[in-house]
Amino acid sequence: WNDDVVVEMPAAGTLLAAAPGGIPQVIRVGRASWGVQFHPEADERIVAAWARSEGPVTPAKREALARIAAARDDLAVAWRPLAARFAEIAARRRTSAGG
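Residues numbered from 1 in each chain as written. Predicted model: local features only at pLDDT ≥ 70, side-chain atom pairs only at ≥ 80, totals over all residues. Heavy atoms only, no water.

## Comments concerning the environment of S33
Let me state the cut-off plainly: Helix numbers and strand numbers start at the N terminus; a helix is a DSSP run of H or I with at least 4 residues, a strand a run of E with at least 2. Relative accessible area decides the class of each residue, using a 1.4 Å probe on protein chains only: under 20% of the type maximum gives buried, over 50% gives exposed, and in between gives partly exposed.
Within the secondary structure, S33 sits in strand β3 (residues 33-36). Judged by its relative accessible area of 39%, S33 falls in the partly exposed class.

Structure (structure tokens):
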């Protein structure tokens, strides 16, 4: 469901994580601009809604949803540290800015 894919880093960007093929997945530009190319919040319920929005849920879509559901724990292990670290950095920056 991602048709827009960044395949080349911006000149001022810092690569923080890449897919096995080298496609950027997490980048930082400057001190305060971060971007992710995936959806860490997307569990099988969210992806199911995306699938339904595109028409009937086909057997292939059901199989993809089942794989996501089966990988729920592994996905959480992968994205929770990223989300926690991002929140920690944001909170520290807010505190140091006097907010």
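## Some points on helix α1 (residues 44-53)
To keep it simple, the criterion reads: What the arc covers is the set of directions going from the helix axis to the C-beta atoms. Only heavy atoms enter the contact rule, under which two residues are in contact if any of them lie within 4.5 Å.
Within α1 the residues assigned to the buried category are E44, V47, A48 and A51. Each buried residue of α1 lies within a common arc of 105° when the element is viewed along its axis, so the set occupies one face. More than 90 degrees from the buried face of α1, the exposed residues found are R45 and S53. Where α1 is buried, its residues meet α2 (59-70) and α3 (72-96). Within two residues after α1, G55 carries a phi angle of roughly 115°, on the positive side.

## Quick notes on a nonpolar patch on the surface
Our working rule: Residues enter patches when they are more than 30% accessible in relative terms and free of salt bridges; like-charged ones are connected within 9 Å and nonpolar ones (Val, Leu, Ile, Met, Phe, Trp, Tyr) within 5 Å. Areas reported here follow the Shrake-Rupley algorithm with a probe of radius 1.4 Å; residue values treat only the protein chains shown as occluding. The rule for a salt bridge is simple: a side-chain nitrogen of Lys or Arg has to be within 4 Å of a carboxyl oxygen of Asp or Glu.
Residues V5, V7 and I23 make up a contiguous nonpolar surface patch of about 250 Å² in total accessible area. For V7, the location among the structural elements is in the segment before β1 (13-18). For V7, a relative accessible area of 61% gives the class exposed.

## Topic: the pattern of salt bridges
What the rule picks out here adds up to five salt bridges. Among the salt bridges present, the one from R92 reaches E88, with a minimum N-O distance of 3.7 Å. On the criterion of helical spacing, the pair formed by R92 and E88 is a turn pair, its members being four residues apart in helix α3. By relative accessible area, R92 is classed as partly exposed at 45%. When salt bridges with common partners are traced through the structure, they connect R85, E88 and R92 into a single cluster.

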